Amino acid sequence: MIKIVNLIESWVVSFVLELGGFVTMLKDGVFALTKTPVRWKLIFKQLEFIGVNSSLIIILTGYFTGAVLALQAGKAFRLFNAEGATGSLVVISLLRELSPVLTSLMLAARCGSAMAAEIGTMRVTQQIDALQVMSVDPVSYLITPRIVASFIMAPLLSIVFSVVGTFGGFSVAVGVLNVNNAIYWDKIQQYVDMEDLWNGLAKALVFGLIIAVVGCRKGYTTSGGAEGVGRATTQAVVIASVSILVADYFLTAFMF
Amino acid sequence: MLEIRNLKKSFGDHEVLKGLSLNIPSGKITVIIGGSGTGKSVLLKHIIGLIEPDEGQILLDGESLYEMTSETLKKQRMRFGMLFQDAALFDSMTVYENIAFPLIEHTDWSEAEVTRVVKHKLEQIRLPGIEEKFPSELSGGMRKRVGLARATALEPEIVLYDEPTTGLDPVTSKAIDDLIVQTQNNLKNATSIIISHDIPSTLRIANQVAMLHDGRIVEVGSPKDILHSKNPIVREFLDPVIDQIGVA
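Everything numeric in this text was worked out from a predicted model, so none of it was measured.

Conventions used here
The residue count restarts for each chain, going from 1 along the sequence in the order it is written. The naming scheme follows written order: chains are lettered A onward, ligands numbered 1 onward. Where totals are concerned, whole chains, interfaces and linings use all residues; where local detail is concerned, this predicted model gives features only for residues with pLDDT of at least 70, and gives and counts side-chain atom pairs only at 80 or more. Hydrogens and water molecules were not included; the side-chain quantities draw on all heavy atoms of the structure. Going along the chain from the N terminus, every DSSP run of H or I of four or more residues is numbered as a helix, and every run of E of two or more is numbered as a strand. For this analysis, residues touch if any pair of their heavy atoms sits within 4.5 Å. Surface exposure here means Shrake-Rupley accessible area, sampled with a 1.4 Å probe, where a residue is shielded only by the protein chains that are shown. Charged residues are defined here as Lys and Arg on the positive side and Asp and Glu on the negative side; His and the ends of the chain fall outside this count. The atoms used to mark charge sites are NZ of Lys, CZ of Arg, CG of Asp and CD of Glu. DSSP bridges decide pairing: two strands pair if at least two such bridges lie between them. Between N-to-C directions, angles span 0 to 180 degrees; the directions come from axes that are lines fitted to C-alpha atoms, helices contributing only their stretch in contact. Working definition: rings of Phe, Tyr and Trp (its six-membered ring) pair if their centres are within 6.5 Å, and the pair is stacked with planes under 30 degrees apart, edge-to-face with planes over 60 apart, and tilted otherwise. Sitting over a ring, as applied to charges here, requires NZ of Lys or CZ of Arg to be within 6 Å of the ring centre and within 35 degrees of the ring normal. A pocket, in this scheme, is an open set of points on a 1 Å grid over the protein atoms alone with protein on both sides within 12 Å along at least 5 of 7 lines, while a cavity is a set where a 1.4 Å probe fits but cannot get out; residues line either one if an atom lies within 4 Å of a point. Grid points are joined across faces, edges and corners, and a volume is the space filled by probe spheres set on the points. The classification used treats Ala, Val, Leu, Ile, Met, Phe, Trp, Tyr, Cys and Pro as nonpolar, Asp, Glu, Lys and Arg as charged, and all other residues, Gly among them, as polar. A pairing counts as a salt bridge when a side-chain nitrogen of Lys or Arg comes within 4 Å of a carboxyl oxygen of Asp or Glu. Only protein chains enter the accessibility calculation, which uses a 1.4 Å probe; a residue whose area is less than 20% of its type maximum is buried, one above 50% is exposed, and one in between is partly exposed. On a range of 0 to 100, pLDDT expresses the predictor's confidence in each residue. Here's the idea: put two parts together, see how much 1.4 Å probe accessible area each one loses, and the total over both is what we call buried area.

Topic: the overall build of chain A
Then, number 1: Secondary structure summary: chain A contains nine helices and zero strands in total.
Then, number 2: For chain A, the α and β elements follow one another from N to C terminus as α-α-α-α-α-α-α-α-α.
Then, number 3: Dimensions along the principal axes, computed over C-alpha positions, put chain A at roughly 65 × 55 × 30 Å.
Then, number 4: Look at the contacts in chain A between residues 6 or more apart in sequence, and 84% of them connect residues 24 or more apart.
Then, number 5: Element-wise, carbon and sulfur atoms account for 71% of the exposed surface of chain A, whose accessible area totals about 12,400 Å².
Then, number 6: Taking the average location of the 17 positive side-chain charges in chain A and that of its 15 negative ones, the two points are 6 Å from each other.

Re the sheet that holds strand β8 (residues 191-196) of chain B
All names here are of chain B.
Then, number 1: An order of β6-β7-β8-β3-β9-β10 is seen for the six strands of this open sheet, with the pairing classed as mixed. On the outer flanks of this sheet lie β6 (80-83) and β10 (216-221), each paired with one strand and no other. Averaged over neighbouring strand pairs, the angle between their axes works out to 20° when direction is ignored.
Then, number 2: Summarising the sheet, strand β7 (residues 158-162) and β8 pair through five bridges and their orientation is parallel. Across the sheet, the residue bridging to D162 is I195, located in β8.
Then, number 3: With respect to the sheet, helix α1 (residues 40-47) is in contact with β3 (29-33), β6, β7, β8 and β9 (208-213), its orientation differing from that of β8 by roughly 155°.
Then, number 4: Across the sheet, helix α5 (residues 140-151) is in contact with β6 and β7; its angle to β6 comes to roughly 170°.

Considerations on the packing of aromatic side chains
Then, number 1: In this structure the tally under the stated criterion is nine aromatic pairs over all chains.
Then, number 2: These aromatic residues form a ring-pair network of at least three members: A:F167, A:F170, A:Y184 and A:W185.
Then, number 3: Over the aromatic face of B:F90 sits the side chain of B:R150, whose NZ or CZ is 4.7 Å from the ring centroid.

Looking at empty space enclosed by the protein
Then, number 1: All chains considered together, the criterion is met by three cavities of 30 Å³ or more.
Then, number 2: In this structure, the largest cavity is lined by 18 residues; those nearest its centre are A:M134, B:F80, B:G81, B:R150 and B:A151.
Then, number 3: Secondary-structure elements contributing two or more residues to the lining of the largest cavity are α5 (127-133) of chain A together with β6, α3 (95-106) and α5 of chain B.
Then, number 4: Among the residues forming the lining of the largest cavity, the class breakdown is 13 nonpolar, three polar and two charged.
Then, number 5: Lining the second largest cavity, in full, are B:K121, B:Q124, B:I125, B:L148, B:A149, B:T152, B:L179, B:Q182, B:T183, B:N186 and B:L187.

Overview of the pattern of salt bridges
All names here are of chain A.
Then, number 1: Per the stated rule, a full pass over the model turns up 25 salt bridges over all chains.
Then, number 2: The closest approach of N and O atoms between K203 and E97, which form a salt bridge, is 3.0 Å. With K203 in helix α8 (residues 194-220) and E97 in helix α4 (residues 86-124), the pair connects residues that are 106 residues apart, well separated along the chain.
Then, number 3: E97 gets classed as partly exposed once you look at its relative accessible area, which sits at 25%.
Then, number 4: A salt bridge links D129 to R123, with the nearest nitrogen and oxygen atoms 3.6 Å apart.
Then, number 5: Take R123: its relative accessible area is 22%, and that puts it in the partly exposed class.
Then, number 6: Sharing partners across several salt bridges, the network here consists of E97, K203 and D248.

Concerning the confidence of the model for chain B
All names here are of chain B.
Then, number 1: In this model, chain B carries an average pLDDT of 90, and 98% of its residues clear a pLDDT of 70 or more.
Then, number 2: Within chain B, helix α9 (residues 232-245) has the poorest average pLDDT of any element, 83, and α3 the best, 96.
Then, number 3: At the level of chain-chain contacts, confidence expressed as ipTM amounts to 0.89, with global pTM at 0.89.

Focus on the interface of chain B and chain A
Then, number 1: Counting residues at the interface gives 19 residues for chain B and 16 residues for chain A.
Then, number 2: Carbon and sulfur atoms supply 58% of the area buried between chain B and chain A, which totals about 1,600 Å² over both sides.
Then, number 3: Only α2 (70-77) and α3 of chain B provide two or more residues apiece to the side of chain B that touches chain A.
Then, number 4: Residue composition of the side of chain B that touches chain A, grouped by class: eleven nonpolar, two polar and six charged.

What to know about the layout of surface pockets
Then, number 1: If you add up the space inside the largest pocket, you get close to 820 Å³.
Then, number 2: As for the largest pocket, its lining consists of 26 residues, and the residues nearest its centre are A:K41, A:L42, A:Y141, B:M93 and B:F101.
Then, number 3: Secondary structure elements with two or more residues in the lining of the largest pocket: α2 (40-50), α4 and α6 (138-175) of chain A together with α3 and α4 (111-124) of chain B.
Then, number 4: It is α2(A) that provides the largest number of residues to the lining of the largest pocket, a total of six residues.
Then, number 5: Grouping the constituent residues of the lining of the largest pocket by class yields 14 nonpolar, three polar and nine charged.

Here's what the structure looks like:
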């Protein structure tokens, strides 16, 4: 019994310490923006890596998510002759839930892992020590650009996901299920609010922060050579993905 | 200039430094020797302020490194250059970008001026024309030489070397030794602190040698003093090498 209590205690302590580490990293990363110089070149490089280079995977995921939503919803709605509502269901689901969550999960897998691996490798090969020795703040050099870029790009990619998903849904609803073209768009206009868009974007902003902070923190605290880098990369993806899903529940409960 | 006083550091239950004291004379090459795992690299990280000790002080011109604000410490670090054990070159940057990095970060020099200094540094380390190569394309010895060029780009007063000849063949080791001495002269009598367990190299270049054992400095002196030391710990460390290389 004492063993179990001790085990739970150590889990709770390590959870709180880890959480504290993430919050500190976020605070330091944002605070570094107030110091000059802001490293625009590095921020643009990360915007390109996280945003531009992730576009294709987001477009593909978005299209097929919208398509499968339309296929499932359209067939279900047909049972009571309401397939015209397919468009509104697709778009509301995308805006509120699927775009921010799936975009962020894709980014966690693609970019969060890369952040942890890159910074982790720099840590174990003493490149971060070298930055410090050269009086360069590693947080403003490595962490801040990634946090800023992820914060900006997660919502933008979420919009891309929604737009492409809407057309994916349209192509299946109109092309496969023979829903009337005008009705598809009309129902979207009728049932979708701007609030759906804003709330989805707010979620994506939070998820963007989670991806960058978890990826950077895991990389920054890497130890133990190549094995340590592998462990940090895996942990970055797992922790960011689970955190996104947990945060999604609480944000949804708060917003809608 | 640099004084280490009663430095103590533990990692968990493992006490690495146990009250280490040492004076580093200005304008000289001090080599700190000792076996693997005796805390040499930990000591070097303390000297440059990457690690804080549990107890003790490192005084730079009489001022404690650990009582400085982070901004002051950053400024003081500009007086240091460091060659890491595996050079720690930025692997996403070319040789040119690596050497230019401290210049771009800390000076407002024009690109032409930075290029001129980088080329000059590459000539000094006898590797001209490798500006566009990446660290992964270089041999271990070349990486160390580029690391040295980067460490000295801003002409620091104090240069730290973490095992500069470890893992290199005797010819390349000798070349690195020559470069260390040359750097010492080029930088107008900079202070050099070298961590090493390479005895032949130490005897070649050191002005002062300090033997680190079990977290403490057990012997300090000129290479000649160390060579003829009666201290059993020093003898145990030196004798096998001396027998092998035949130093009298």
